[in-house]
Amino acid sequence: MTFGRVAAAFVFAALPAGGATWLVRRVRRERDFSTGIALFLAGAGALSGVATYFVERAVLSFGELSVEVSRGTSTSALLALFLFVAPLEEAAKLVAVWPTMLTRRLTDPPSGLAYAVVAACGFAVTDSILYLSGATASLPFLRGLAGLFAHPFCAGLWGYGLGKRVQGRLWFGPAFLLAVAIHAVYDHIVFGRGPGYLAMVLPLLAAMVAVAWGALRDLSGAEGVHLLTLPLNLPEPPSLRAVRGALRRTEEPLLFRWIVVGALVNLGAVILFVLGASLVARKLGVDLSVADEADMRSNGPVLLLGAAVLASFPVSGYLVARASGVRGVLEPAFAAAVAIAGAVVLLSVTAPAAVIFAIALAPVAFGLACGGAWFGADS
């Protein structure tokens, strides 16, 4: 292994280990989380990462499959991720956490989330280092670095659901399937597509950070001030509890006409912002026709167009909320969901290869629309 790969391996080990240490220290301020449990979870996750890596390689090699997309193999690569790789990796992390359920240490959603994330950090250390040692694709460091973040985030989703399961609520199954789907989409962009499309992962990373921040605020109580604070008095993302409250139906009837009108406003805003991005690209001399995923230069046009599409949603959400005079964000949220669903259906007919990117951007666009509606709703 070259010096560069040794240095990259050190980074891949240090980031998840540091993240797990930070989480354990912060959670200890609010609840019991012993060093022994943390070390056990991280070690079990690391061993699961090693076993999973070799099982994946053996099965994919035997079936002559690959998660990397080449000419005519996009469908098989997606199926390999959705039906084998992502479920196997999440199940391996679940095996590492399961003993805490059997010993009744995992008692509620916060403990489930914390335990799952620590195990996932251990998994990410060994899995990413092994990937780096055997990587044949271009830009292995960037891919491996980006791939680190999906492990703790997706594990946190089903870990929270596992805590709900302990309390007798059937959240674990849907949460696990959601984690598998997100993991598969994320890995498809990072490891399956060419380096020209790596910029598409940035909105997903931003959404992961925002959701994780909200979850950690819930973890420590009403405001979460013990776990997280932002410098310079910057506004903090709302907790998941606050988000659920904003999306809860009020006593006022749902205004269906504003859902239809709002969907049209969303689509119109997307068209206007993309047109604006095209004009900006022309002024800057950026060629938007560059769409070769094997070419790193494609990241510029992809990032510009993606930013334009996403920027349209908070604006449209704000406009719909102000025009309708609603007190909540339900109507703008439904309108954004209808617009996104319509775009995915349209792309499935006109440009099937772009559907996976539309699905990846959908949660980010939905969240931005709700954020815009939050500021536009009447108090």
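Look up a bit, the structure's there.
A few points on the structure. (Residues numbered from 1 in each chain as written. Predicted model: local features only at pLDDT ≥ 70, side-chain atom pairs only at ≥ 80, totals over all residues. Heavy atoms only, no water.)

1. Considerations on the side chain of Glu-89
Operational definition: By definition, any uninterrupted DSSP run of H or I lasting at least four residues is a helix, any uninterrupted run of E lasting at least two residues is a strand, and each is numbered from the N terminus. Classification of residues uses two cut-offs on accessible area relative to the type maximum, computed with a 1.4 Å probe and protein chains only: under 20% is buried, over 50% is exposed, and between them is partly exposed. Neither His nor the chain ends contribute to the count of charged residues, in which Lys and Arg are positive and Asp and Glu negative. What makes a salt bridge here is a side-chain nitrogen of Lys or Arg within 4 Å of a carboxyl oxygen of Asp or Glu, nothing more. Any two residues having at least one pair of non-hydrogen atoms within 4.5 Å are treated as being in contact.
Checked against the element boundaries, Glu-89 lands in helix α3 (residues 74-102). Within the buried set, Glu-89 has no salt-bridge partner at all; the shortest N-O distance to an opposite charge, 5.4 Å, is to Lys-93. Ignoring sequence-local partners within four residues, the contact set of Glu-89 consists of Thr-52, Glu-56, Phe-123, Asp-127, His-151, His-183 and Asp-187.

2. Looking at the packing of helix α10 (residues 256-284) against helix α11 (residues 299-324)
Which entries qualify depends on this criterion: Every axis in this analysis is a line fitted to C-alpha atoms, fitted for helices over the stretch in contact. Angles between the N-to-C directions lie between 0 and 180 degrees. The handedness criterion is simple: a crossing whose near helix is rotated anticlockwise from the far helix by less than a right angle is left-handed, and one whose near helix is rotated clockwise is right-handed. Under the scheme applied, nonpolar residues are Ala, Val, Leu, Ile, Met, Phe, Trp, Tyr, Cys and Pro; charged residues are Asp, Glu, Lys and Arg; polar residues are all the others, including Gly.
With their axes 8 Å apart at the nearest point, α10 and α11 run at an angle of 145° to one another. You can see that α10 and α11 cross each other, and the crossing is right-handed. Between α10 and α11, the residues in contact are Trp-258, Gly-262, Val-265, Asn-266, Ala-269, Val-270, Phe-273, Val-274, Ala-277 and Ala-281 and Leu-304, Leu-305, Ala-308, Val-309, Ala-311, Ser-312, Phe-313, Val-315, Ser-316, Val-320, Ala-323 and Ser-324, respectively. In the contact of α10 with α11, the residues fall into 17 nonpolar, five polar and no charged.

3. Things to note about helix α6 (residues 150-166)
This is how the line gets drawn: Residue count minus one, scaled by 1.5 Å, sets the expected span of a helix.
For α6, built from 17 residues, the straight-helix expectation of 24 Å at 1.5 Å per residue is met to within 8% by its first-to-last C-alpha distance of 25 Å. Burial analysis of α6 places 12 of its 17 residues in the buried class, which makes it a mostly covered element. The complete set of buried residues in α6 reads Ala-150, His-151, Phe-153, Cys-154, Ala-155, Gly-156, Trp-158, Gly-159, Gly-161, Leu-162, Gly-163 and Lys-164. Following α6 by one or two positions, Gly-168 has its phi on the positive side, about 90°.

4. Overview of the packing of aromatic side chains
Using the following cut-off: Pairing of aromatic rings covers Phe, Tyr and Trp, the last through its six-membered ring, and needs centres within 6.5 Å; plane angles under 30 degrees mean stacked, over 60 mean edge-to-face, and all others mean tilted. Each ring is checked for a lysine NZ or an arginine CZ that lies within 6 Å of its centre and within 35 degrees of its normal; such an atom marks a charge sitting over the ring.
In the structure shown here, the tally under the stated rule is six aromatic pairs. Taking the centre distance of 6.2 Å and the plane angle of 40° together, the rings of Tyr-160 and Trp-171 count as tilted. On the criterion of sequence distance, the pair formed by Tyr-160 in helix α6 and Trp-171 in the loop between α6 and α7 (172-192) is long-range, its members being 11 residues apart. Between the aromatic rings of Phe-172 and Phe-176, the centroid separation amounts to 5.7 Å while the plane-to-plane angle is 45°, which identifies the pairing as tilted. Highlighted residues: Phe-172 and Phe-176, both in helix α7, separated by four residues, approximately one helical turn. Summarising the burial analysis for this pair, Phe-172 and Phe-176 share the class buried. When the ring centre of Phe-123 is taken as reference, the NZ or CZ atom of Lys-93 above it lies at 5.3 Å. Over the ring of Trp-171 we find Lys-164, and its NZ or CZ is 4.7 Å from the ring centre.

5. Focus: the packing of α10 against helix α12 (residues 330-350)
When two helices pack together, their arrangement is given by the angle between their axes and by how far apart the axes lie. Defined as follows: For classification purposes, an angle smaller than 35 degrees is called roughly parallel, one larger than 145 roughly antiparallel, one from 65 to 115 roughly perpendicular, and anything else oblique.
It is the contact of α10 with α12, at a shortest axis distance of 8 Å, that shows an interaxial angle of 55°. With respect to α12, the element α10 is oriented oblique. You can see that α10 and α12 cross each other, and the crossing is right-handed. Of the residues in α12, those touching α10 at Trp-258, Ile-259, Gly-262, Ala-263, Asn-266 and Leu-267 are Glu-331, Phe-334, Ala-335, Ala-336, Val-338 and Ala-339. Among the residues forming the contact of α10 with α12, the class breakdown is nine nonpolar, two polar and one charged.

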